[in-house]
Amino acid sequence: MDVLSIIDGDTHGPVGPGIGRFVAYWADRRQPGGRPPLFRSINSYELAAQASSLVVFDAEEGDGGAGYRFRCREMGARHRDFTGMDLTGKTLEEVFEHDDARFFSNIYWGVLTTGRPHYWRRPS
């Protein structure tokens, strides 16, 4: 299986070996039915080489059962340096304007429901 085929997002063009290793790691730890891995199934020591490039979100049930909201559990140093902000501990709604928060929530909802990690290629 080409593990990159499970990525949702921009895989057109070359994808570095670190992304391939992360996706293979993710695929090995997916839950039954292809759901994303549980955080407790991920060993941060095994992902040390990729850690600075990862952002991990927790899905929390929204108020009154209104879907999910996404809270940043960890934000790698490369992301913090690139964006100039640290999202750790914050929900998307606390950081972004309504339309942007909704856009990102839809992306992360896709990760949650399909079990496919998301990858954006960004110039830095």
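Since the model is a prediction, treat every value here as computed from it, not as a measurement.

Q: Describe in detail the pattern of salt bridges, supporting the description with residues and values.
A: Summed over the entire model, instances satisfying the criterion amount to 5 salt bridges. With its nearest N and O atoms 2.7 Å apart, the salt bridge here joins Arg 71 to Glu 60. One end of the pair, Arg 71, is in strand S3 (residues 68-75); the other, Glu 60, is in strand S2 (residues 55-61), and 11 residues separate them in sequence. A residue is classified by how much of its surface remains accessible, and Arg 71, at 21% relative accessible area, is partly exposed. One salt-bridge network, in which partners are shared between bridges, spans Glu 60, Arg 69, Arg 71 and Glu 94.

Q: Would you mind going over the environment of Arg 69 in detail, with residue names and values included?
A: For Arg 69, the position within the fold is in strand S3. When its relative accessible area of 29% is taken as the criterion, Arg 69 is described as partly exposed. As for Arg 69 and Glu 93, which are separated by 24 residues in sequence, their C-alpha atoms are 8.1 Å apart. Those residues in contact with Arg 69 that sit more than four places away from it in its chain are Asp 58, Ala 59, Glu 60, Gly 62, Asp 63, Thr 91 and Glu 93.

Parameters and conventions
Residues numbered from 1 in each chain as written. Predicted model: local features only at pLDDT ≥ 70, side-chain atom pairs only at ≥ 80, totals over all residues. Heavy atoms only, no water. Salt bridge = Lys/Arg side-chain N within 4 Å of Asp/Glu carboxyl O. Helix = DSSP H or I, 4+ residues; strand = E, 2+ residues; numbered from the N terminus. Buried < 20%, exposed > 50% of the residue type's maximum accessible area, 1.4 Å probe, protein only. Contact = heavy atoms within 4.5 Å.

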